[in-house]
Amino acid sequence: MSERIIITGGSGRLGRSVVEGFARAGFEVISVDRSTPENPIEGVDYHSLDLLDAAATEQLFTTIAPTAVISLAAIAVPFSAPEDVILRTNAGIAHNVTAASVASGAKKVIIASSPSIMGYGSPAGWVPPRLPLDEDVTPKPWHAYGLSKYVAEQVAAMFAQQTSDVKFISFRPCYVIAPEEWEGAPTQQGHTLKERLDDPALSAVAMFNYVDARDVTDFLITALKNIDRVENGAVFFVGAADALARQPLSELIPEYYPELAHLAEGLTGDAPAFSIQKAKEVLGWEPKRSWRTELVE
Ligand SMILES: NC(=O)c1ccc[n+]([C@@H]2O[C@H](COP(=O)([O-])OP(=O)(O)OC[C@H]3O[C@@H](n4cnc5c(N)ncnc54)[C@H](O)[C@@H]3O)[C@@H](O)[C@H]2O)c1
């Protein structure tokens, strides 16, 4: 049976690439977003909807009857709205979309979380048990965005406890680089990639993580294909194989996170601070793109 995929947040920075990649790969794609996209992709069915409206979300999803749902819609930037609004919006969307997916008969649901749930940057201090971070390290969110994404993961885990007929995955995409950003378009934080590389302080706030949006799309296609291999409710980091830095993190982390210096000694060469080993081992996914080959300097 061919896959009919609802992608929420399909008009966003990551969603645009995911919608395009899935459409190109031959999936039937339905994008559901509050905003309409600037450049709609031919063949994609676009719906405008506020996903905080639970009844309308369930009605639309049930009418579409997707085989799978990818949930990307959210307020995607910490502190870009009042804390209570971020928490209510992201937790509410995660719950509404997951509940509507189950009600619609979808058998696979993938929810976007974020590496920022781990807790780096906490003003009260943060020292994880090890670097690179892996999925067994306990998240310690310190802002409403991180908490809302942790809740989104727990929403997936909760539904996995309610039904074994549906498979749920959460994934934590690193700092997403849309294809045009390699050529100088502003990144999510407003500066260019070259500026982010030239001034490590800019990339340090995200622990030098990043991922190409097309590699995230490949991850999602691979995850849907190999979902039977996954423990229900599993979580995956999705990042590039290297760090977004011109120097090794064994040198940069002691400078920007002195309290983590002892953990960073092994992050030599181009090693990142986030492990993608689980996605490689369980799903067979590997990123194909690096700033070293993609950036137009
Ligand atoms: N961009 C990153 O670096 C990054 C990193 C980690 C996690 N993420 C997560 O990935 C997902 C996509 O991020 P993005 O960068 O594309 O964000 P984005 O802000 O570009 O896109 C989010 C989309 O969600 C839609 N949306 C928000 N509220 C909605 C609502 N109530 N109803 C319907 N649609 C709504 C917006 O209209 C927008 O098109 C988010 O869940 C984000 O938290 C992104």
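Residues numbered from 1 in each chain as written. Predicted model: local features only at pLDDT ≥ 70, side-chain atom pairs only at ≥ 80, totals over all residues. Heavy atoms only, no water.

> Report on helix H1 (residues 13-24), specifying residues and quantitative values.
The first and last C-alpha atoms of H1 sit 18 Å apart over 12 residues, in line with the 16 Å expected at 1.5 Å per residue. Every buried residue belonging to H1 is among Leu14, Gly15, Ser17, Val18, Val19, Gly21 and Phe22, and all of these are buried. Looking at the packing, one finds that the buried side of H1 touches strand E1 (4-8), strand E2 (28-33), strand E3 (45-48), strand E4 (68-71), strand E7 (176-177) and helix H7 (213-225). Following H1 by one or two positions, Gly26 has its phi on the positive side, about 95°. (Helix = DSSP H or I, 4+ residues; strand = E, 2+ residues; numbered from the N terminus. Expected span 1.5 Å × (residues − 1). Buried < 20%, exposed > 50% of the residue type's maximum accessible area, 1.4 Å probe, protein only. Contact = heavy atoms within 4.5 Å.)

> If you had to explain the layout of surface pockets to someone new, which residues and values would you point to?
Considering only enclosed or pocket space, the largest pocket measures out at about 1100 Å³ in volume. Lining the largest pocket are 43 residues, with Ile75, Ala76, Val77, Tyr145 and Gln188 positioned closest to its centre. The element best represented in the lining of the largest pocket is H1, accounting for 3 residues. Its residues assigned to classes, the lining of the largest pocket shows 24 nonpolar, 13 polar and 6 charged. Considered as a void within the structure, the second largest pocket measures approximately 340 Å³ in volume. Every residue lining the second largest pocket is counted, 19 residues in all, and those nearest its centre are Ser11, Gly12, Arg16, Glu38 and Asn39. With 5 residues, the single largest contributor to the lining of the second largest pocket is H1. Taken together, the residues of the lining of the second largest pocket break down into 6 nonpolar, 7 polar and 6 charged. (1 Å grid on protein atoms, 1.4 Å probe; cavity = no way out; pocket = protein on both sides within 12 Å on 5 of 7 lines; lining within 4 Å. Points joined across faces, edges and corners; volume = space filled by probe spheres on them. Nonpolar A, V, L, I, M, F, W, Y, C, P; charged D, E, K, R; others polar.)

> Describe in detail the side chain of Asp215, supporting the description with residues and values.
If you trace the backbone, Asp215 turns up in helix H7. Here Asp215 falls in the buried class, since its relative accessible area comes to 0%. Once residues lying within four places of it in the same chain are set aside, the contact partners of Asp215 are Trp285, Pro287, Lys288 and Arg289.

> Outline the packing of aromatic side chains, listing residues and values.
Tallied over the entire structure, the rule returns 11 aromatic pairs. Where Tyr120 meets Phe274, the ring centres are 5.8 Å apart and the plane angle is 80°; that geometry is what we call edge-to-face. Taken together, the residues Tyr120 in the loop between strand E5 (108-112) and helix H4 (144-162) and Phe274 in the loop between helix H8 (249-256) and helix H9 (277-283) connect sequence positions 154 residues apart. Of the two residues, Tyr120 and Phe274, both sit in the buried class. Taken together, a centroid distance of 6.3 Å and an interplanar angle of 80° make the contact between Trp182 and Tyr210 edge-to-face. (Phe/Tyr/Trp six-rings, centres within 6.5 Å; stacked < 30°, edge-to-face > 60°.)

> Just give me the short version of H4, but keep the residues and values in it.
Spanning 19 residues, H4 covers 26 Å between terminal C-alpha atoms, matching the ideal 27 Å at 1.5 Å per step. Elements in contact with the buried residues of H4: helix H3 (83-104), E5, strand E6 (167-173) and strand E9 (234-238).

> So what's going on with the packing of H1 against H7? Residues and values would help.
Orientation of H1 relative to H7, taken along the N-to-C sense of each, is 55°, at an axis distance of 9 Å. Comparing the axis directions of H1 and H7 gives the class oblique. Classified by chirality, the crossing of H7 by H1 is right-handed. Where H1 abuts H7, its residues Leu14, Ser17, Val18, Gly21 and Phe22 lie against Ala213, Val216, Thr217, Leu220, Ile221 and Leu224. (Axes fitted to C-alpha atoms, helices over the stretch in contact; angles between N-to-C directions. Parallel < 35°, antiparallel > 145°, perpendicular 65-115°, else oblique. Left-handed = near helix turned anticlockwise from the far one by under 90°.)

> Let's hear about the site of the ligand: which residues, and what values?
Surveying the vicinity of the ligand reveals 29 residues, the closest of which are Leu14, Asp33, Tyr145, Lys149 and Val176. Measuring from an oxygen atom of the ligand, one finds a side-chain N or O atom of Tyr145 at 2.6 Å. Calculation on the ligand without its partners gives an accessible area of 820 Å², and the protein chains cover 90% of this total. Put simply, the parts of the chain that give the shell around the ligand at least two residues each are H1 and H4. Considering every element that reaches the shell around the ligand, the biggest residue donor is H1, with 3 residues. (Near = heavy atom within 4 Å. Polar contact = N/O pair within 3.5 Å; in protein donor to acceptor, adjacent residues only side chain to side chain. Areas by Shrake-Rupley, 256 points an atom, 1.4 Å probe, with all protein chains shown as cover.)

Note that every value here comes from positions in space, so none of it alone points to a role or purpose.
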